[in-house]
Amino acid sequence: MERLGSEAALAGMEATMKEELSMEIDPPFKESLATAEDWRKALNKVVPAVVVLRTTACRAFDTESAGASYATGFVVDKSRGIILTNRHVVKPGPVVAEAMFVNREEIPVYPIYRDPVHDFGFFRYDPSAIQFLSYEEIPLAPEAACVGLEIRVVGNDSGEKVSILAGTLARLDRDAPHYKKDGYNDFNTFYMQAASGTKGGSSGSPVIDWQGRAVALNAGSKTSSASAFFLPLERVVRALEFLQRGKEANTNTWQAVNIPRGTLQATFLYKGFDEIRRLGLRSETEQLVRHASPLEETGMLVVDSVVPGGPAHKHLEPGDVLIRLNGEVSTQFLKMETLLDDSVNHEIELQIERGGKPLTVNLKVQDLHSVTPDYFLEVSGAVIQPLSYQQARNFRFQCGLVYVAEQGYMLFRAGVPRHAIIKKFAGEDIARLDDFISVLSKLSRGARVPLEYIGHTDRHRRKSVLVTVDRHEWYAPPQIYTRNDSSGLWTVKPVLPLDSPLLSSLVNPIEQDLASNRVSSCSAEVTPMEQAHQCVGQEPMDGVASMETSCEQIDNGAHSLDESDAGSKKRRVEEDLSADGVLSPDCSLHEPREERLEATGTQPEAVLRDYQGGAAAETNASVAERVIEPTLVMLEVHVPSSCMIDGVHSQHFFGTGVIIYHSQTMGLVAVDKNTVAVPVSDVMLSFAAYPIEIPGEVVFLHPVHNFALVAYDPSTLGAGASVVRAAELLPEPALRRGDSVCLVGLSRSLQATSRKSFVTNPSAALNIGSADCPRYRATNMEVIELDTDFGSTFSGVLTDELGRVQAIWGSFSTQLKYSCSSSEDHQFVRGIPIYTISRILDKIISGVDNPTLFINGIKRPMPLVRILEVELYPTLLSKARSFGLSDSWIQALVKKDPIKRQVLRVKGCLAGSQAENLLEQGDMVLAINKEPVTCFHDIEDACQELDRRNDSDGKLTVTIFRQRCFLQHDSGYLITMSVHRAVKLIYWWEQMSGMEMGLHVLLIGVVV
């Protein structure tokens, strides 16, 4: 009987619930009986007012990153030209946007408001610009939303311009969706939910009823289901009313409007009564709330989180249950937000319960716009701003801290991540953005200073890196961008005073005051011995070489001097030094600089001798390793994102180079072009012979061969200049198969590593295919292959037993293609014979009459390389015979090279060259100037012979065999070709007076 009675009681409860539900559902149910004709009329009125928005975020800012996207918006005020869409579409930062109407008319739109918290914003446009479309604004009706309402979502779903998705409102009290941990999220509001299945591109779409009224704003969806989330429109209507006061209808002037928004910097969640009881809610309080609230009320507001430093900090705690606001029971977000927005800068009274204990707190409502930044600092591509309320809530930090929205080049190079909070810069505490700007204004170009930061993923641990201030002016000087809500644009102005060292056109590192570059946070002096130990044998971490961060505490002596010298390589050094008459513009390679660093006497000679003998003390090191180690250099190369030219595939490179020239005025390091890919880059050199890191300058890139030359200033080495030396080059005799060589290179910790290997192929023809994106690839090269090496990431040199360099063991870049649409970058290592590098070095030393380049403040001639504008590949003579090559030519080629027995064929010609008109793919190159050629070395010798003869015409007589004419011309064709000198044009932007930008061209040598 108890069971039956219970069932009867349950049946009675179900009947009561159905009656109560029918009171809510019946009205919209009747409305949902709208016919297809009713929906057609509504959609005909709505669709013309819906626009496709194409937006481009020009800078990363606050919660959004830079990029392009498309979305939806709709006209809510035709006379004033106001379009409603989502906040994440309007963007908090600089944005360029245009709207396309259904008839494909396109007009520019400008942001006029984005809510600091909720996901809505407004664009404005000129209504008179729409000339060929009849449309009406869509009215907003937030009161019409109810459970069971049939709706249509009209928008640019999945990029389809116009999509109409049907659905039924299922919930009006869904929690605000959580999108990501480090980006924008809405809170302190309910959302609506329906299974309309919206996807990307439909953000900002109107959710309409059968009368053509917008009852909600589409905001997001679940990727794993058909659920879509809609923002209620009550706060949207309020904001629109304020905006309409900013512009009279049919006028062209628009005034920025302040829309009052208040906050306690606390997040509330709506919890059911059962859950709140577990938090300690007293029964009498529950009865009080139920009695004062509507019958359908099911819960209350509970504090979820509090932002440190905000009005609610140390007053509210997570789990506090909100009972009353200013004496009135408050269980809904809308009522709470209305009170906060109307009480900005005033105190309100909150009655809460904490673990069953009633409390009363008085809090001052803060202006929400005051913790929502509308400006940022841009320095070296980095976007630095005050930490916004949105991100402070995400990361649990205090608002207003110095926040890195985008690393740019300078901070990326140092290893500072996005979302970092800067705490200390150049030894000074950083609490606000003004503090950061103040420190920055005291630094000079090339200065290297420590920076401390914390991240939201490891908030209790500070990390320290060494930041190098941009010394090449890859980017404009630091600027402040400020939002102008009247125009919808961002104004820019310089942030540094005119006398700031960072703005000086030329910084002479020799005369520069070093005090600004020293680390003032050092609590103890570091002895020279400690300096040596700090800089050697440390592994890289966080993608940044630890040799940069390990020297932060150096305060005097040669090390701090060379740190200031990091700014010595200036782009405008040519014009400025010549004008000042400080240095002679016609100095030869062997003439010393007029300004020299004074000999450093602070470094004890005993320490230097100890370090010099360190490598020799290694009993296991071979003779070759001990001889070659002082000549090895580790290069770390960073390419600014603004200078990603020539298809360079990365911004950060490591590699080992070898010093091939070292004098009092200049040092030269040879390295592969997979380490130094483009000349517009920052190169840092770390020497195996002495613990120091100095900047280098790319002065030469070979047009076809895989090597580059990097110059450095020996005077910046201080006491290490006597330890560092150049390697002895051994271009002849060439390596042969079976020869024994010593492969020597450096690890990331600058430890020399070597092994004995044997040459398996001294002249393997290199064949690297084209990449998806056009970029440098080595061509017309013969490389050296070994039986064993250290893997594809190890580079160095090949020496004989006495440590004489016979080849560079360099890295080559290629692209492996797995299918038509799938590929990945790959690298391998091969030996590059030293004879080509030796030739270039001889030309530099001899000072030939060629275009000059400023290196270490001295104008030096740089060689131009003669090349045949053809890409070739070898073919076996047995194959060539099948193509019709005569026996006489085969015998002549075999006599020239009885080992390779090959002929060179044309694979392609440089576009626009003379060779393109004379040669065809498949032509066989038999002889040059009547001398048979069988390898790339022979062609290079013929081109270099023109230099020895000082032949200005640069013409070669090339004998070729063309397949289609072999019957008539057995002896081949005789053609005359011009051999051009390859020239590399390097472009960069320079900030000129005012806001103009100038394009400069530098003639430096040799890349096609």
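In this text, all values refer to a predicted model and were calculated from it rather than measured experimentally.

(A) Region of interest: the overall build of the protein. In terms of helices and strands, the protein carries 21 helices and 53 strands. The buried share of the protein, reckoned over its 1008 residues, is 55%. Restricting the contact set of the protein to residue pairs at least 6 apart, pairs at least 24 apart contribute 67%. When the accessible surface of the protein is split by element, carbon and sulfur atoms take 50% of a total near 43,200 Å².

(B) The arrangement of the packing of helix α17 (residues 834-846) against helix α21 (residues 936-948) in detail. Across the interface, α17 lies against α21 with an axial gap of 12 Å and an inter-helix angle of 10°. Regarding the angle of α17 to α21, the classification is roughly parallel. Residues Tyr835, Thr836, Arg839 and Lys843 of α17 lie in contact with α21, whose contacting residues are His937, Glu940, Asp941, Gln944 and Asp947. Its residues assigned to classes, the contact of α17 with α21 comprises one nonpolar, three polar and five charged.

(C) View of the environment of Phe794. Looking at where Phe794 falls in the secondary structure, it is placed in the loop between β38 (782-786) and β39 (796-799). You can call Phe794 buried: its relative accessible area is 10%. Taking C-alpha positions, Phe794 is 7.9 Å from Ser747, a pair spaced 47 residues apart along the chain.

(D) Highlighting the sheet that holds strand β5 (residues 106-114). Around the barrel, six strands lie side by side as β1-β2-β3-β6-β5-β4; this closed barrel has antiparallel pairing. Adjacent strand axes in the sheet meet at a mean angle of 40° when their direction is disregarded. Relative to β5, strand β4 (residues 95-100) runs antiparallel, the two being bridged by four bridges. When the bridges of β5 are listed, Met100 appears paired with Glu106.

(E) Expanded view of the packing of helix α4 (residues 234-244) against helix α7 (residues 333-341). Interaxial distance between α4 and α7 falls to 11 Å at its minimum, and their mutual angle equals 25°. Classified by the angle their axes make, α4 and α7 are roughly parallel. For the pair formed by α4 and α7, the contact residues are Glu234, Arg235 and Arg238 on the first element and Leu334, Glu337, Thr338 and Asp341 on the second. Across the contact of α4 with α7, the residue classes tally to one nonpolar, one polar and five charged.

(F) Expanded view of the nonpolar core. Counting 47 residues, the largest nonpolar core has Phe101, Phe120, Phe122 and Tyr125 as its most contacted members. With five residues, the single largest contributor to this core is α4. Beyond its immediate sequence surroundings of up to four residues, Tyr125 is in contact with Val75, Lys78, Arg80, Gly81, Ile82, Ile83, Phe101, Ile107, Pro108, Val109, Ile130 and Tyr135.

(G) Just the pairing of strand β27 (residues 458-468), in detail. In this structure, strand β26 (residues 448-455) lies alongside β27, joined through seven bridges in antiparallel fashion. Along β27, the bridge assignment pairs Pro450 with Leu466. The antiparallel pairing of β26 with β27 creates a hairpin that spans two residues between the two strands.

(H) The sheet that holds strand β12 (residues 228-231), seen in detail. Strand order around the closed barrel formed by six strands is β7-β8-β9-β12-β11-β10, with antiparallel pairing between neighbours. Put simply, the sheet's adjacent strands are angled 45° from each other on average, direction ignored. Of the strand pairs in this sheet, strand β7 (residues 150-155) and strand β10 (residues 206-208) are connected by two bridges, and their pairing is antiparallel. Each bridged residue has a counterpart across the sheet, and for Val153 the counterpart in β10 is Val207.

(I) Fine view of the packing of aromatic side chains. In this structure the tally under the stated criterion is 18 aromatic pairs. With a centroid separation of 6.0 Å and an interplanar angle of 80°, the aromatic rings of Phe120 and Phe122 are classed as edge-to-face. Each member of the pair, Phe120 as well as Phe122, carries the same accessibility label: buried. With a centroid separation of 5.6 Å and 45° between ring planes, the pair formed by Phe376 and Trp490 is classed as tilted. One end of the pair, Phe376, is in strand β21 (residues 375-379); the other, Trp490, is in strand β29 (residues 489-494), and 114 residues separate them in sequence. Taken individually, Phe376 and Trp490 each receive the classification buried, so the pair is uniform in this respect. The ring of Trp39 has Arg152 lying over it, and the distance from NZ or CZ to the ring centre is 4.0 Å.

(J) Representation of helix α6 (residues 283-292) in the model. Along α6, the residues that are buried comprise Thr285, Glu286 and Val289. Along α6, the residues classed as buried sweep out an arc of 100° about the axis, all on the same side. Across α6 from its buried face, at more than 90 degrees, point the exposed residues Ser283, Gln287 and His291. The inward-facing, buried residues of α6 contact α5 (273-278), β15 (299-306), β16 (321-325), β17 (328-329) and β18 (347-354).

(K) Focus on unusual backbone geometry. The amide bond that connects Glu732 to the next residue, Pro733, takes the cis arrangement and shows omega of -5°. You will see that Ser380, though not glycine, has its phi angle at about 50°, which is positive. Its location among the elements puts Ser380 in the loop between β21 and β22 (382-386). Unusually for a residue other than glycine, Asn780 sits at a positive phi of about 50°. Residue placement: Asn780 occurs in the loop between β37 (752-765) and β38.

(L) Looking closely at the confidence of the model for the protein. Overall, the predicted model of the protein reaches an average pLDDT of 81, with 80% of residues at or above 70. Overall, residues 1-31 carries pLDDT values under 50, and its contacts beyond four positions in sequence, including any with other chains, amount to nine contacts. For residues 505-604, every residue scores under 50 in pLDDT, and the model assigns this stretch 187 contacts once sequence neighbours within four places are set aside.

(M) Region of the structure containing the pattern of salt bridges. Scanning the model with the defined rule gives 42 salt bridges in all. In this structure, the salt-bridge partner of Glu328 is Lys335, at a minimum N-O distance of 3.5 Å. We note a salt bridge from Lys900 to Glu782, for which the minimum N-O separation is 3.3 Å. Of this pair, Lys900 sits in the loop between α19 (887-896) and β46 (902-909) while Glu782 sits in strand β38, placing them 118 residues apart in sequence. You can call Glu782 buried: its relative accessible area is 10%.

(N) The arrangement of helix α10 (residues 433-441) in detail. Within the sequence span of α10, burial applies to Leu433, Phe436, Ile437, Val439, Leu440 and Ser441. On its buried side, α10 packs onto β21, β22, β23 (402-406), β24 (421-425), β25 (428-429) and β28 (479-484).

(O) Inspection of the side chain of Thr55 at higher detail. Inspection of the secondary structure puts Thr55 in strand β1 (residues 50-57). Non-local contacts of Thr55, meaning those with residues more than four positions away in its chain, are made with Gly67, Ala68, Ser69, Val89, Lys91, Val95, Val96, Ala97 and Phe123.

(P) Fine view of the pairing of β46. Taking burial as the measure, the eight residues of β46 include six buried ones, the bulk of the element. The pairing of β46 with strand β47 (residues 924-928) spans two bridges and is classified as antiparallel. Among the inter-strand pairings, Leu904 is bridged to a residue of β47, identified as Val925.

(Q) Spotlight on the environment of Gly81. Tracing the backbone shows Gly81 in the loop between β2 (67-77) and β3 (82-85). Residues Gly81 and Arg124, spaced 43 residues apart in sequence, show a C-alpha to C-alpha distance of 5.4 Å. Residues within four places of Gly81 in sequence aside, it is in contact with Phe123, Arg124, Tyr125 and Pro127.

Each value, and the rule that gives it
- Residues numbered from 1 in each chain as written.
- Predicted model: local features only at pLDDT ≥ 70, side-chain atom pairs only at ≥ 80, totals over all residues.
- Heavy atoms only, no water.
- Helix = DSSP H or I, 4+ residues; strand = E, 2+ residues; numbered from the N terminus.
- Buried < 20%, exposed > 50% of the residue type's maximum accessible area, 1.4 Å probe, protein only.
- Contact = heavy atoms within 4.5 Å.
- Areas by Shrake-Rupley, 256 points an atom, 1.4 Å probe, with all protein chains shown as cover.
- Axes fitted to C-alpha atoms, helices over the stretch in contact; angles between N-to-C directions.
- Parallel < 35°, antiparallel > 145°, perpendicular 65-115°, else oblique.
- Nonpolar A, V, L, I, M, F, W, Y, C, P; charged D, E, K, R; others polar.
- Pairing = 2+ DSSP bridges.
- Core = buried A, V, L, I, M, F, W, Y, C linked by side-chain atoms within 4.5 Å.
- Phe/Tyr/Trp six-rings, centres within 6.5 Å; stacked < 30°, edge-to-face > 60°.
- Lys NZ or Arg CZ within 6 Å of the ring centre and 35° of its normal.
- Arc of directions from axis to C-beta.
- pLDDT = per-residue confidence, 0-100.
- Salt bridge = Lys/Arg side-chain N within 4 Å of Asp/Glu carboxyl O.

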